[in-house]
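Examination of the molecular architecture
What follows is each chain in one-letter form.
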Amino acid sequence: MAIDPATRAEILKHVERLAREKVAPRAAEIDRSNAFPRDLYGEAGRLGLFGLWVPEEYGGIGPDLVTPLLVCECLSRASLTFALNVSNCGDAVTPIVLGGTEAAKRKFLPDIASGAIIPAFALSEPGGGSDAAAITTRAVRDGDDYVISGRKMWCTNGSVADVCTVFAKTDPQAGHKGVSAFVVPKGLRGFEVGQDEELMGLRGSPTSELIFDEVRVPAAYRLGGEGEGFKLAMATLDEARLNCSALAIGGAIAAFGQAVAYAKERRQFGKPIIEHQGLAFLLAEAASDIAAGRAIFREAIELLERGRSHEASTYAAMSKLVTSDMAMRVATQAVQVLGGNGLSRKYPVERIMRDVKAFQIFDGTNEIQKMVIGRNLAKWDLPFDEFKL
Ligand SMILES: Cc1cc2nc3c(=O)[nH]c(=O)nc-3n(C[C@H](O)[C@H](O)[C@H](O)COP(=O)(O)OP(=O)(O)OC[C@H]3O[C@@H](n4cnc5c(N)ncnc54)[C@H](O)[C@@H]3O)c2cc1C
């Protein structure tokens, strides 16, 4: 269900206030403490933000494509970590919405929508990152249950999650066609949380190891048919890549804003540093870079709004590639503009620079985006047919 413009504007008004009044003042502390901001997650729940990914009949107001992206962009200007804490819900919940049995949907979706329980998405493994079909976690049918064994890595919100969307092989000989998906609540015997990674950025977003030691899961918690797990994982990817773009754009805008304000204030050689052409050029490049990134992001959204297509997927990959590279460049330039202060924790630009690096890596590394784009170019016409002035 698409959310109407008036409701979207109302939601964004509340999100802007949350970002300004509660998230921004906490961003540095969340980074320093590396602690998941559970209270702020609760605030997001009270605003109904998790319901954006959940259909009305299960307690949500979605699923809607555009509103969560705008929410994510807004939050990421205040704290990239918190924007990810919230928006990760989309990756985890979409396979349940698309493939869950009625029983699974009724059990999990209303509490996810309200923020009462936190979901996580568990695909990556030590041996299966870019090559997701190489995962070795096994799910073996046993009567009315599946028994899951294996180890997942890099699960965002993994250690704080109450329920995980887990991908496991039901037929190890069948490559990606042998992957099935399951919704697995914490608390089942044999399901343990391992280590959280100590990351350079996005600190406060737990990135966790999850261990499954013969975890018995009811067959009713399988998502889609046997062997449809990879298709479900891929079905979340276009949205996930656009979400990554929203994060990247929000981070770039925040870094750029800091850099411009500093360059107008800071004086060297008798004038504000923004009046030195060498530095103004840096900012001019950054502004143009952000505008170009936003343009491709908008175009990718428009295409996906019209429905799934190879063109929309190509644009989602291009948007992720362009905006994450752009955010890394802009954040690095912002640090440069602040000189020594750019490296100081007194200013947010060093944190943003550490945070945005991840966007070139998750939801498919940028090398994988190029593979996707290249593969689509080989199969289809160039996706520029509808270019109009
Ligand atoms: C902060 C963070 C959060 C994450 N959250 C989640 C999550 O919630 N759930 C989840 O399941 N996963 C998550 N991930 C995992 C993420 O999706 C993987 O890290 C990513 O897919 C890359 O896998 P890898 O780290 O194993 O790198 P590898 O696949 O080992 O890649 C290493 C390098 O080789 C390159 N490479 C690999 N194959 C090719 C190729 N064919 N051609 C060219 N270059 C290639 C890659 O681009 C990369 O530069 C997260 C990761 C991070 C950093």
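Residues numbered from 1 in each chain as written. Predicted model: local features only at pLDDT ≥ 70, side-chain atom pairs only at ≥ 80, totals over all residues. Heavy atoms only, no water.

In the annotation of an unreviewed UniProt entry, the entry for the protein reads Cyclohexane-1-carbonyl-CoA dehydrogenase, and the organism field reads Hypericibacter adhaerens. According to the UniProt record, the Cofactor (unreviewed entry) comment for the protein reads "FAD". One UniProt comment on the protein, placed under Sequence similarities (unreviewed entry), says "Belongs to the acyl-CoA dehydrogenase family." (UniProt positions renumbered as here; feature names shortened; annotations may be inferred.)

Below, the discussion takes up the overall build of the protein. For the protein, the helix and strand inventory stands at 12 helices and 10 strands. Whereas a compact globule of 389 residues would reach a radius of gyration of roughly 21 Å, the protein reaches 21 Å, a difference of no more than 12%. Its C-alpha atoms give the protein principal-axis dimensions of about 80 × 50 × 45 Å. Residue burial in the protein is summarised as follows: out of 389 residues, 54% are buried. In the protein, once contacts between residues fewer than 6 apart in sequence are set aside, the share between residues at least 24 apart is 74%. Total accessible area on the protein stands at roughly 17200 Å², and carbon and sulfur atoms take up 53% of it. (Helix = DSSP H or I, 4+ residues; strand = E, 2+ residues; numbered from the N terminus. Rg over C-alpha atoms; globule rule 2.2 N^0.38 Å. Buried < 20%, exposed > 50% of the residue type's maximum accessible area, 1.4 Å probe, protein only. Contact = heavy atoms within 4.5 Å. Areas by Shrake-Rupley, 256 points an atom, 1.4 Å probe, with all protein chains shown as cover.)

This chain's UniProt record puts "domain: Acyl-CoA oxidase/dehydrogenase middle" (unreviewed entry) on residues 120–215. The span residues 120–215 is 0% helical and 51% strand by assignment, and the distance between its end C-alpha atoms comes to 17 Å.

A few words on the domain arrangement of the protein. With domains assigned, the protein is organised as domain 1 (5–118), domain 2 (120–227) and domain 3 (236–379). Each of domain 2 and domain 3 was reduced to a C-alpha centroid, and the two centroids are 31 Å apart. Listed per partner, the contact involves 6 residues of domain 2 and 9 residues of domain 3. Summed over both sides, the interface of domain 2 with domain 3 buries roughly 550 Å², with 67% coming from carbon and sulfur. For domain 2, the biggest contributors to the area lost against domain 3 are Ser130, Met200 and Leu202; these three give 78% of the whole. Along the contact surface separating domain 2 from domain 3 lie 0 salt bridges. Seen at the junction of domain 2 and domain 3, the total is 2 residue pairs in polar contact (both at pLDDT 80 or more). (Domains from an automatic or database assignment. Buried area = accessible area lost by both parts, 1.4 Å probe. Salt bridge = Lys/Arg side-chain N within 4 Å of Asp/Glu carboxyl O. Polar contact = N/O pair within 3.5 Å; in protein donor to acceptor, adjacent residues only side chain to side chain.)

For helix 8 (residues 237–265), with 29 residues, the first-to-last C-alpha span of 42 Å sits near the 42 Å given by 1.5 Å per residue. Taking burial as the measure, the 29 residues of helix 8 include 22 buried ones, the bulk of the element. (Expected span 1.5 Å × (residues − 1).)

A word on the pattern of salt bridges. By the definition in use, this model includes 19 salt bridges. In this structure, glutamate 209 and arginine 151 form a salt bridge, with 2.4 Å as the shortest nitrogen-oxygen distance. Taken together, the residues glutamate 209 in strand 7 (residues 207–218) and arginine 151 in strand 3 (residues 145–156) connect sequence positions 58 residues apart. Relative accessible area serves as the criterion here: at 39%, arginine 151 is assigned to the partly exposed category. Linked through salt bridges whose partners overlap, the residues forming this network are Asp31, Arg345, Glu350 and Arg354.

With that out of the way, let us pick up the pairing of strand 5 (residues 179–185). The buried fraction of strand 5 is high, at 7 of 7 residues. Residues of strand 5 alternate between two faces, with Val179, Ala181, Val183 and Pro185 on one and Ser180, Phe182 and Val184 on the opposite face, all of them buried. Here 7 bridges tie strand 4 (residues 163–169) to strand 5, and the two strands are oriented antiparallel to one another. Bridge pairing in strand 5 links alanine 168 to serine 180. As judged from the 2 bridges shared by strand 5 and strand 8 (residues 222–223), these two strands associate in the antiparallel manner. Pairing of phenylalanine 182 across the sheet is with arginine 222, part of strand 8. (Pairing = 2+ DSSP bridges.)

Moving on, we get to empty space enclosed by the protein. The final tally for this structure, using the stated rule, is 2 cavities of 30 Å³ or more. Considering only enclosed or pocket space, the largest cavity measures out at about 50 Å³ in volume. What lines the largest cavity is Ala28, Asp31, Arg32, Arg345, Tyr347, Pro348, Glu350 and Arg351. Mapped by element, the contributors of at least two residues to the lining of the largest cavity are helix 2 (27–33) and helix 11 (349–356). (1 Å grid on protein atoms, 1.4 Å probe; cavity = no way out; pocket = protein on both sides within 12 Å on 5 of 7 lines; lining within 4 Å. Points joined across faces, edges and corners; volume = space filled by probe spheres on them.)

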